[in-house]
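# Coordinate analysis (summary)
Each chain is listed here by its residues.
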Amino acid sequence: MALLTPEDLEDLLNKLRQSNETIKASTGKGITEICEEVYGTRPASQKVAIVPITAGNGIIGNFSSSLLAITEYFGLEGYITDHPDITGYHQAVSDGADILLMADDHMFIAHNLKNGKIAANHICTGVIYSEIASRFIHAGSKDVMVIGLGRVGYAGAEHLVKKGFNVYAYDPNTEFMEKAIEELGVNAYDSADHKKFSMVFEATPNANTISEGMITDRCLISTPGIPCALPAELAENGDIDLVMEPLVIGAAAMLYSVF
Ligand code: NAD
Ligand code: 2YH
């Protein structure tokens, strides 16, 4: 699984502001309103403790400070515990923190200690990015393309199916494709059909997974995938709206899902 790098997390709030402008222009609503509508919650002065975790590949520079900036951006009081791991967890609980944020190499979770709700980053990221794609105001149909059916992509595909969209999907992993067809009822995308989409949700760790033949001239691509799925020559097209941001949108969805 790809780990975030300190470079991915540089200038994070500026990246969020740019993404939020694109989200507003292409869906009519900003990320805060969309999270409120998806989860039916609002922040209520919860205290958020961020616990650095040294397991596996260890501390990622800028990760905890980025989570703190995100917490404060959404109007909450947050802090990073003085020590990592169990000592940090003990401090957070002893301090009366409402919500814990912490991640190892496999899972990034938000846990609300007061109401018991727990959120996983891969699920919330899939839900919120697919939701953004599905809200494209210029869409002419309910067809949505999902590229990648891994942890994030499957969660997004499931969310779109539950919302009543016609989901087309592609993943080179045939087991993942079969599971999504059998369990979710998605359609297998076949480039030979020459079908084009104005709403695309992409969740892969690979670049250039989107080709010109898949997308309409005016489209919204919503992708948490790192690196960018859209080839540079297509990204120059001003009619393609691209929502791509390395941490904040998914983390915001996690917070709203446990409020
Ligand atoms: P994963 O490894 O579980 O799944 C990735 C899937 O992409 C796999 O099933 C793989 O077969 C598929 N894939 C690879 N190349 C493809 C291609 N050309 N076309 C279609 N499918 C292809 O990974 P994941 O946990 O689902 O994460 C996906 C991406 O999202 C990663 O880059 C991860 O770092 C990123 N991510 C970003 C955020 C964020 O907040 N921006 C949050 C979580 C994950
Ligand atoms: O980046 C990650 C993993 N890819 C899991 C996230 C799921 N999308 N983890 C971050 C690890 C942070 C580190 N342990 C720290 O600084 O606390």
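All of these numbers come straight from a predicted model, not from anything done at the bench.

Below, the discussion takes up the pairing of strand β6 (residues 143-147). Burial analysis of β6 places five of its five residues in the buried class, which makes it a mostly covered element. Residues Asp143, Met145 and Ile147 point to one face of β6 and Val144 and Val146 to the other, with burial holding for every one of them. Note: β6 against strand β7 (residues 166-170), five bridges, orientation parallel. Bridged to Asp143 within β7 is Asn166. At this point the chain moves from β6, through helix α6 (residues 151-162), to the parallel β7, and the crossover so formed is right-handed. Bridge count for β6 against strand β9 (residues 197-202) is three bridges, and the pairing is parallel. From the neighbouring strand, Ile147 faces β9, where its bridge partner is Glu202.

All right, on to the domain arrangement of the chain then. Interfaces are frequently sized by the accessible area removed from exposure as the parts join. In terms of domains, the chain is made up of domain 1 (12-120 + 250-258) and domain 2 (123-245). Averaged C-alpha coordinates put domain 1 and domain 2 at centres separated by 25 Å. Listed by partner, the interface residues are 25 residues for domain 1 and 18 residues for domain 2. Together, Ser26, Thr27 and Gly250 form the three largest contributors to the area buried by domain 1 at its contact with domain 2, with a combined 27%. Scanning the region where domain 1 abuts domain 2 turns up one salt bridge. Glu37 is the partner of Arg135 in a salt bridge, and the nearest nitrogen-oxygen pair spans 2.9 Å. Where the side of domain 1 that touches domain 2 is concerned, the elements lending two or more residues are α1 (12-27), α2 (31-39), β5 (118-120) and α9 (248-258). The element best represented in the side of domain 1 that touches domain 2 is α1, accounting for nine residues.

What counts as what
Residues numbered from 1 in each chain as written. Chains lettered and ligands numbered in written order. Predicted model: local features only at pLDDT ≥ 70, side-chain atom pairs only at ≥ 80, totals over all residues. Heavy atoms only, no water. Buried < 20%, exposed > 50% of the residue type's maximum accessible area, 1.4 Å probe, protein only. Helix = DSSP H or I, 4+ residues; strand = E, 2+ residues; numbered from the N terminus. Pairing = 2+ DSSP bridges. Right-handed = clockwise from strand over helix to strand, strands pointing away. Domains from an automatic or database assignment. Contact = heavy atoms within 4.5 Å. Buried area = accessible area lost by both parts, 1.4 Å probe. Salt bridge = Lys/Arg side-chain N within 4 Å of Asp/Glu carboxyl O.

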